[in-house]
Structures are given as structure tokens and as C-alpha cells.
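Breakdown of the fold
Here are the chains, one letter per residue:
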Amino acid sequence: MHNSKKALALFLSLAGMASLAGCKKSGDSTSAGEEDYDTPMSEKVTITFDTNRTDLDTSGKFTEYIKSFNAVEPNITVKIQSYTSYKDDEKKKVVAKTNGVVSMIPIDDNDQLSTYYDSLGKYVDLAATGKYRNVYLTAKYYKGEVYGIPGSNTVGGVAYNKAIFKAAGLDTTTMTTPDTFIAGLKKIKDYNGTRTDGKTTIPYYTNGKDGWCMEQFEDHLCNDVLHGDADYHNTYMAGNQNVFSKDAPNGDAHYLAGKMFFNLIDQGLTEADPTTTDWEGSKLKIANGTIGCMVMGNWAISQFQGVAKDNNLDPNDIGYMPFPFTAKDGKQYANSGADYCYGIKKTASDKEKSAGKRFIKWMVEKSKFAVNEGCISSWAADGMPDNLSAFSNCTMFTSNPAKEGAEKCLGLTETLAGQKCYDGGARFSQIISDAKLEGKTSEERMAAFDADMKKWNDSWKAAAKSIGEQYPVVVKAA
Amino acid sequence: MEKTAETTKSESPYVPGVTKRKTVQLGHNQLKLEKILLICVFLIIPLTSLILFTYVPLFDMVRYSMYHYNGYADPEPVFVANGADKLFKDNYYLVFKNPEYWKPLQVSGVYLIGSFVQIAIALYFATIFYFRPKGAGFFKAVIFIPSLLNGVAISLMFLLIFKNDSSSQGVLNSWIIASGGQPVSWFNGFWRANLVLAFISVWRYLGNNMVMFAGTMESVSKDEIEASEIDGAGKWQQFLHILLPDIKDIVFLNLILAVNGAVQVFEIPYVMQPSNPYTKTFIMKTMEIAFNQNQIGLAAALGIVMLLIVSVIALFQKAFEKKTGAN
């Protein structure tokens, strides 16, 4: 009895395994690139998705997206993990290999991507399909391979309250240089004096407490909106000896923008105490006219409009204008770049990778996620957002990936100089404290600002000189 | 039972013929073994935690301080010279050469001044409580409770008090405006910002010191106090000549803890003023270097330097203890 039962059990399990072996062939991608994405996956898989959008997670928007995804791929379960200090937390998880199968890539240095992320395809292949906005595929590009596709792409500019600007008699098409911008904001200050409703508007809100808000300003500078040079950020900045210099031959974005920022604070056009600001509160304030304008990416517009709707304010009051720089040739440039990119964890199982790739494909191609966020989609078929109507006269450009041989240079210069171009807003905080020095005249404050700029320029200059000698490719021919 | 001269032998539970001495030794050894086993079993958990969560990370940090490491690439050893690495100096050289990294100690200096004030006020309250006033229990609780509160909650609360925002003015500035003055930016400027933050620290930890002093004072006998009262001594003299000498050791211990605390202050300035260059403390600067500038090696070196500073302070304390112990 025992023996026959055992034999039966053994036979049945062998038969079971044989049938499973038959199953394994279909729907599973063990050979790269041979997968049929049009047939839904037949096996049940659970994957995790790490994202920085805690607001969409708590509001349930992501659950809706996943539900729509499951209508096409019923066997893939997607679990969401979101964190507020996303970049820091996710970086640690990526190194520890405990991140989700699909995650928004937190790593800035492209030469590190292949260690942690699977390639999503060769750039030439993806670009040739014509289905993507190819310029954004270079965001996570390294040596021909694309490791991440942007979930959304943004343009930098200045968000403003249309009603206040109109009431103060401002025309944003004339506010195209630092001087005209400051003159315009001064008019808002004058307007405050004539108001009868007892309210005041802060012309410019720095959001100085949150370093990342001030880095929105840095976006325009590191990406050289002043000259529209698409090779500046990833190639030439590393070898540029005049990044913060007052006397740069062509004028340098960092000094000019820093001076504009300084003047905004020095001339009382910002909030009284930039060290105790509140980002979440500022969304409502720009919607109801307590704030005149802020430098933000266009991803913020839909958030401001959402807050406006929630508070019975007019979402059309939120306007968007280009950053107030005009190049010497009279053109205005706007920098467009990728926001976070979807990436596939390198150490996930083949099944998980296949499921993850299907999820990424769906999010990029079908979900209209970028459109819903008011951003530019990586999928060419999706339309451009409405909030860029004022940018028709601007030349939009995206920074190119580093030139051959220069991939590590920006990182090297940054380490040698002891400061990164995206430094968590530390330089801007220093400008704020220079502008707010008490008991000093305006000239003395300006002198403190110049001293700080000189200090940053000297350290960057020395570093750029060394790196330029080592890697001549980063030195721009005059 | 026969009463013989070998009563002791027959009373022992062990095999007769074996001397009592040997059995006692056997019992002793068995007990000793059990004792050692018990101690080991109880020590395993704390020892493992200590090794895993303190010594292993410490060892790693010393290791990282010898590398240039940006947190996710492979660490590049400082001492390997190849290409651009020749341009990098050793992390410790950078730490000692750059005055930027020593500015935070000036900030700690302000907290230290705050600590002296804190200890003085704590002594004052402890003395008052020594004389058992009415409602002592209530006031002790009121002074002590802040140290039980969550640091982030305290920081957010004081932000609401000290902020300067014309659209939703802070509490303190509202009072100032109501009494006809101009609102003040409390975090503008080195001294003002740091004194405000030091004040919040004092408010928070006053209770800790006070409770420690009050507890030690309890052991001072009332006889001397009564005798001195008969001699006509005032409360201040009683404090200076009777209470203070007896609690001198505890006060000194608290002073050393204050120095330690001032060097390592982090929570309140980090939540309240993360972007203010005037209030960056040593640990805040280290974190900025580690996570904003992606220089883990340099940050590790800074961490080790802080460890050395704290160790020197601890050595002072040990030396002092030895001195008073010898007395």
C-alpha cells in the first residue's frame, strides 16, 4: 500500500513537472529581445515599482493607472513604494540591490547605470522606431545603450499668477532679461501700495528652505540657457574656467543669474525670511495671488492648478513664462530635460524583468502619465502640454549626453572643486544670507556676494584647468 | 541512626568515601560553569548588537575614509595613483586644510554657551526644589516634560513661533507687531540664529539636568542646612557653600556632557534651518558632504575626526573621575 502510494505520487509529480516544462516555453522571455509584448503574460508575477510621487500614491492615482494596466496584463501585480526623500533613499536601495523591479532611476552619473540597471535597448534602435521623442532618450544613455526612459519631461521657466501680473500692468513678453524682470516685479510691489483689498503679494517666492526648490533655478544655469549650448552641461562645464566669473567673455549664466537672485532679495522683492519657507503652502499662495511668481519646472503647473481647483480658485490664473535670459543673438532659449526615468533592476529574475518591461512600455505608451502631469511625454504621439503656449518664440533644447571620452569629467571636476553643480541649493542659500546681511549697505552686501562668487569660481577654475589638461575634449575651442 | 564521629560524611548526599572537600569543589565548578553559561547567554544579544551596529559600521567608516567613494560606484582607493586620481589629495588632508569644515565648531560654541546657561538655570531650579516649595511636583513635571517630546515636533512648533512670514505671521512676530514693532527675522545672522536655536535646546534639555541635580542634592543631609540657618546664612550662601560642593562631581559630569552635546548637535537645526549657512553644525556639514556632494569618503573622514574629538573629551572625563576617585 505504502509503496504503491509513493509510486503514484512520484509518477504524478513527474507528469506535473513535464507539463510545467511545456508551459515554460511560452510567455517567458529567457532570450533577450525575442519577447512578444502584444500577447499578455500568462504567468502570474508580482513586481514592485519605486516612485518619488508620494502625492499620486496617497491620492490613489497610481492605483488607477495600475488598474488600467491590469486590463491589458491581468497577470502582473504591481506594488507601489513611494518615499518623500526619494533620491537619497532610493540611491541606497539601489546599491543594496533592495530596490523595486521597476524604479525611477536616482543615479545621475551615467557611467554607473550599467552596474545596476538593464539596458532597455540600443539608442539607434529605439530612435529609429520614430515613436519616441528621441532627444529625451539620451537622458540615461551610456555607450549606445538606453538604460531609462523618462516618465515625463519638463521645461524650465517661471510660474506666475496671471491675475496679479495683469493687475500690476505687467506684460510677460517684455520681461526677458534680468533687468526687465526685476523692473516688472518692482511694479508688483508698487501695486501692493495701491490695493484696497488689504492683501499683499510677495513678488517672488524663493522657497529658500527647500534646497531642491532652489535647484530649479540651477537647472537653467547648468544647462546654459543663456547661450543655448546643448553640450555645455555634460561636456564643457567640466572644462570651463569661468563658470562663476563676473568677467566671463560671453557672460556667464551663473554669475548673471546669481546677481539677479541677489537683487531680488536685496531689493525686497521676496519673502521676508527665506529660511522658514513652506513649499506645500506656496502652492496655494501662488494660486490665490499671495505670491507673484516662482522659478519652477513646468511639472509644477499641474500641481498648482490642482490646488487652485481644490480651493475654488481659477486654475487658468497659473501662467508660465520662459526664464528671463536673452542670448546675445537676441534669441530666448528654454531648457527641456527628462524628469525621472523608468529603469529595470539588473538583478531581477527574467520573469520579473519581462513583467517590468511590459509595465514600463504601458506607462510610456498608453498611460498618458506625462500628459496628465502637464509635462512633455517621451512618446511622440502624445501632444505637447498647454502650459507651454508662451514658449512659441523660444528655442527649446535638451542637453546632449557627454561627448566620447568625457563621461566622467563633470564628476571629476566637481569632486576636485569640492562643489557640485547641483549642490542641494547650498550656493543659493549663501547668496540669500549675503543679501540679508543686516546693518550693511547694499554695496557691502554686493561685495559679500562678489566675494562668494569669486571663491566658487576660483575653486572651479583650478579644478577645470586640471581636468581640461587631462581630458582635452572638455575644453571648448574659443 | 548511629551517631558516629563521621556524621558529616553520612550527611553528605554524595557517595560516601569521597571527601567533603572534593564534593564541594565539584559543586563549585558546576556552579561556576552554570554561572559563566548564564552570563554568556545574557550577553550574546547586547554583544551582537554592539558588534553589528557599532563596531562593524565604525570599521567600515574607517575603511571608507581611506577611499574616494561617491556612494554607488566602486570606491577608488586614495593611495592608488592612476590618471586623475593623482589629483586627489587624501581625505584627511582635505579635512584639515579646509577651514570650511571647522566653521561648524564655531556654531557649536554658541550651543556650548547655551549649555552653561542651561546648567546654571538647572542648578537654580534644583536648589529651589530642594527646599520643597508648594506645587514642586507640578513644576518639576512642567520643566521635565520638554525633554520627553519628539525633536521634530519641537522643531515644527518653534518654527511656528519664530517664523517671519507676512502672509501667516509667526507667534512671536505677531506679538511684536501688535505692540507696535517691526517683525524680526529670527534666523538671520550668525549670533541671532544660533542663539535662538540654542535657546530651544536649553528649553528642551533643562529638565534632564535639573532632575539629575535635584536627585543628587537629595542626598545632602538637612542637618548642615538647619545648622547654617541658625547661624543666619541666606539661601545663596547655603547653596554656594553646602549644596554646590556636594554635587560638584555631577555638575562637572554635566559640563562634559554639555561639551559633547554641543559638538554633536543635529536634530533641531536640521529640521528648523536646513538651508541656513549660519547654523550648519558639524554633523549637518558631514551629511551635506556625504549625500549632496556624493563624497562618502570625505564624510567618513569627518566622522572619524568627530569621533576623535569626542574621545578626547571622554578622556578628560575619565581623568577627572580618577582624580576624584583617588580623593
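Anything mentioned here points back to the structure above.
Cut-off values and rules
Residues numbered from 1 in each chain as written. Chains lettered and ligands numbered in written order. Predicted model: local features only at pLDDT ≥ 70, side-chain atom pairs only at ≥ 80, totals over all residues. Heavy atoms only, no water. Helix = DSSP H or I, 4+ residues; strand = E, 2+ residues; numbered from the N terminus. Buried < 20%, exposed > 50% of the residue type's maximum accessible area, 1.4 Å probe, protein only. Contact = heavy atoms within 4.5 Å. Areas by Shrake-Rupley, 256 points an atom, 1.4 Å probe, with all protein chains shown as cover. Pairing = 2+ DSSP bridges. Axes fitted to C-alpha atoms, helices over the stretch in contact; angles between N-to-C directions. Polar contact = N/O pair within 3.5 Å; in protein donor to acceptor, adjacent residues only side chain to side chain. Phe/Tyr/Trp six-rings, centres within 6.5 Å; stacked < 30°, edge-to-face > 60°. Lys NZ or Arg CZ within 6 Å of the ring centre and 35° of its normal. Lys, Arg positive; Asp, Glu negative; His and termini not counted. Salt bridge = Lys/Arg side-chain N within 4 Å of Asp/Glu carboxyl O.

Below, the discussion takes up the overall build of chain B. Looking only at helices and strands, one finds 14 helices and 2 strands in chain B. Within the span of chain B, comprising 327 residues, buried residues form 35% of the whole. The contacts of chain B with a sequence gap of at least 6 include a subset with a gap of at least 24, amounting to 67%. Counting only carbon and sulfur atoms, one obtains 68% of the accessible surface of chain B, whose full area is about 19600 Å².

Another point: the sheet that holds strand β5 (residues 145-150) of chain A. Residue and element names in this part refer to chain A. The 6 strands are arranged β2-β1-β3-β11-β5-β4 in an open sheet whose pairing can be described as mixed. The two strands at the open ends of the sheet, each matched to only one other strand, are β2 (76-82) and β4 (140-142). Along the sheet, successive strands turn relative to each other by an average axial angle of 25 degrees, direction set aside. Here β5 runs beside strand β11 (residues 341-344); their pairing, made up of 2 bridges, is antiparallel. Directly across from I149, in β11, lies its bridge partner Y342. The strands touched by helix α4 (residues 86-96) are β1 (45-51), β2 and β3 (102-104); relative to β3, the strand with the most contacts, the crossing angle is about 140 degrees.

With that settled, the discussion passes to the side chain of N164(B). Counting through the fold element by element, N164(B) comes out in the loop between α6 (151-162) and α7 (171-178). Within the structure, the side chain of N164(B) is placed 3.5 Å from the side chain of Q169(B), a separation counted as a polar contact. A distance of 3.1 Å separates polar atoms of two side chains, one belonging to N164(B) and the other to S185(B). In this structure N164(B) touches A272(A), D273(A), T276(A), Q169(B), N173(B), P183(B), V184(B) and S185(B), once residues within four positions along its chain are discounted.

Attention now goes to unusual backbone geometry. All names here are of chain A. In this structure, K97 takes a positive phi of about 60 degrees despite not being glycine. Looking at the element boundaries, K97 is found in the loop between α4 and β3. Of note in this structure, N312 is not a glycine but carries a positive phi near 60 degrees. Judged by its relative accessible area of 73%, N312 falls in the exposed class.

A few words now on the environment of G100(A). Residue and element names in this part refer to chain A. Checked against the element boundaries, G100 lands in the loop between α4 and β3. Remark: the alpha-carbon pair of G100 and E469, spanning 369 residues in sequence, is separated by 41 Å. Those residues in contact with G100 that lie beyond four places of it in its chain are T48, D50 and K345.

As a further point, take the packing of aromatic side chains. For any two aromatic rings, the description comes down to two numbers: the centre-to-centre distance and the angle of the planes. By the definition in use, this model includes 41 aromatic pairs over all chains. For the ring pair Y86(A) and Y340(A), a centre distance of 5.4 Å and an interplane angle of 80 degrees mean the geometry is edge-to-face. A residue pair is termed long-range when its members are at least 10 positions apart, and Y86(A) in helix α4 and Y340(A) in the loop between β10 (332-338) and β11 qualify at 254 residues. Residues Y86(A) and Y340(A) agree in their burial class; the two are buried. Arranged with centres 6.4 Å apart and planes meeting at 80 degrees, the rings of F244(A) and W460(A) form a pair that is edge-to-face. Of the two residues, F244(A) sits in the loop between α9 (211-222) and α10 (253-266) while W460(A) sits in helix α17 (residues 442-470), which places them 216 residues apart along the sequence. Taking the relative accessible area as the measure of exposure, W460(A) reaches 0% and is therefore buried. In this structure an aromatic cluster arises from ring pairing among F49(A), F62(A), Y65(A), F69(A), Y342(A), F359(A), W362(A) and F369(A). Directly above the aromatic system of F129(B) lies the positively charged group of K140(B), at a separation of 5.8 Å from the ring centroid.

Turning our attention to the side chain of K209(A). Along the polypeptide, K209(A) turns up in the loop between β7 (202-204) and α9. Although K209(A) is buried, it forms no salt bridge, and the closest oppositely charged side chain is D210(A) at an N-O distance of 5.0 Å. In contact with K209(A), other than residues within four places in its own chain, are P274(A), T275(A), T276(A), T277(A), L159(B), V271(B), M272(B), P274(B) and S275(B).

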